[in-house]
Amino acid sequence: LPICLVLMLPFLTSCGATADLPTVDKVELEQYAGTWHEIAKLPNKFQRGLDCVTATYTLKENGRIKVFNKGREVEKQDEWKEITGSARVPKADDPGRLKVTFFWPFAGDYYIIELDEGYQYALVGDPSRKFLWILAREPQLAESKITELLVRASELGFDTGAVTRTNQSCYLKPK
């Protein structure tokens, strides 16, 4: 989520939550930290024209999480857009619901809807159902898992017909 690339910035505009959105009951932030590749998303204006999108989460001593997002411009493949923000878990008893800030004092919802036990993939969205991401530790994820996550998102009221795949070719190793 930058000004041009923002995996989380779109949440700043998601104030009009409709129905509650269930999240995971447990998140070990130490395991969640690290780099995630964007596999698919509901399109948003903040990421328009970007591919090879990643989000890197780093735990900070003050208990917050540094959020670093970057993506490559499709039209100028030698140019990258980046943004840095922070995240926090407002309620310890609800660890799947984070608040992300890129421009203080505005904070958006970052809800971890599904999370692999091994922290290899995640489904993230917001209560307005306008923003959705499938994230994975690797630049590719099995089609069967993508389908499973999209079915879950659809059941929760997301418009999965509008979901687009993110090109991650710049991270794939040549065969």
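Residues numbered from 1 in each chain as written. Predicted model: local features only at pLDDT ≥ 70, side-chain atom pairs only at ≥ 80, totals over all residues. Heavy atoms only, no water.

**Q** How should I be thinking about the environment of L42 in this particular structure?
**A** Counting through the fold element by element, L42 comes out in the loop between β1 (34-41) and β2 (50-59). For L42, a relative accessible area of 6% puts it in the buried group. Along the sequence, L42 and I134 sit 92 residues apart, while their C-alpha atoms lie 9.4 Å from each other. Not counting the four nearest positions on each side in its chain, L42 is found in contact with R129, K130, F131, L132, F158, D159, A162 and V163. (Helix = DSSP H or I, 4+ residues; strand = E, 2+ residues; numbered from the N terminus. Buried < 20%, exposed > 50% of the residue type's maximum accessible area, 1.4 Å probe, protein only. Contact = heavy atoms within 4.5 Å.)

**Q** When you look at the packing of aromatic side chains in this model, what are you seeing that I'm missing?
**A** Two aromatic rings, taken as a pair, are described by how far apart their centres are and by the angle between their planes. The full count for this structure, using the stated rule, is 6 aromatic pairs. On the numbers, 5.6 Å between centres and 35° between planes, the contact of Y32 with Y57 is tilted. Here Y32, found in helix α1 (residues 29-32), pairs with Y57, found in strand β2; they are 25 residues apart in sequence, far enough to count as distant. For the pair formed by Y32 and Y57, the shared burial category is buried. Residues F131 and W133 carry aromatic rings whose centres are separated by 6.3 Å and whose planes lie at 10° to one another, so their mutual orientation is stacked. Like W133, F131 is buried. An aromatic cluster of at least three residues, connected via ring pairs, comprises Y32, W36, Y57 and Y110. Sitting over the face of the ring of F158, R129 holds its NZ or CZ atom 5.7 Å from the ring centroid. (Phe/Tyr/Trp six-rings, centres within 6.5 Å; stacked < 30°, edge-to-face > 60°. Lys NZ or Arg CZ within 6 Å of the ring centre and 35° of its normal.)

**Q** What should I look at first to understand helix α2 (residues 143-155) in this one?
**A** Given 3.6 residues per turn, any residue in an α-helix points the same way as the ones three and four places further on. Under the 1.5 Å per step criterion, the end-to-end length of α2 is 18 Å for 13 residues, consistent within 8% with the ideal 18 Å. All buried positions along α2 are accounted for by K145, I146, L149, L150 and A153. The arc that holds every buried residue of α2, seen down its axis, measures 135°, which confines them to one face. Among the exposed residues of α2, those pointing more than 90 degrees away from its buried face are S144 and E155. In this structure, the buried side of α2 is in contact with β1, β6 (106-115), β7 (121-125), β8 (132-136) and β9 (164-165). Once α2 finishes, G157 follows within two positions and takes phi at roughly 100°, a positive value. (Expected span 1.5 Å × (residues − 1). Arc of directions from axis to C-beta.)

**Q** What's the story with the pairing of strand β5 (residues 97-103) in this structure? I'm lost.
**A** Sheet faces and side chains relate simply in a regular strand, where the side chains alternate between the two faces. Burial within β5 is extensive, with 5 of its 7 residues counted as buried. Counting the residues that bridge the hairpin from β5 to β6 gives 2 residues. (Pairing = 2+ DSSP bridges.)

**Q** I keep staring at the pattern of salt bridges and nothing clicks. Help me out?
**A** Here the idea is simple: oppositely charged side chains can pair when their charged atoms come close. Inspection of every chain in the model, using the stated rule, returns 11 salt bridges. For D51, the salt bridge goes to R72, with nearest N and O atoms at 3.0 Å. Taken together, the residues D51 in strand β2 and R72 in strand β3 (residues 65-73) connect sequence positions 21 residues apart. On the basis of relative accessibility, which here comes to 9%, the residue R72 falls in the buried class. Each member of the salt-bridge network shares a partner with another, and the members are D20, D94 and R97. (Salt bridge = Lys/Arg side-chain N within 4 Å of Asp/Glu carboxyl O.)

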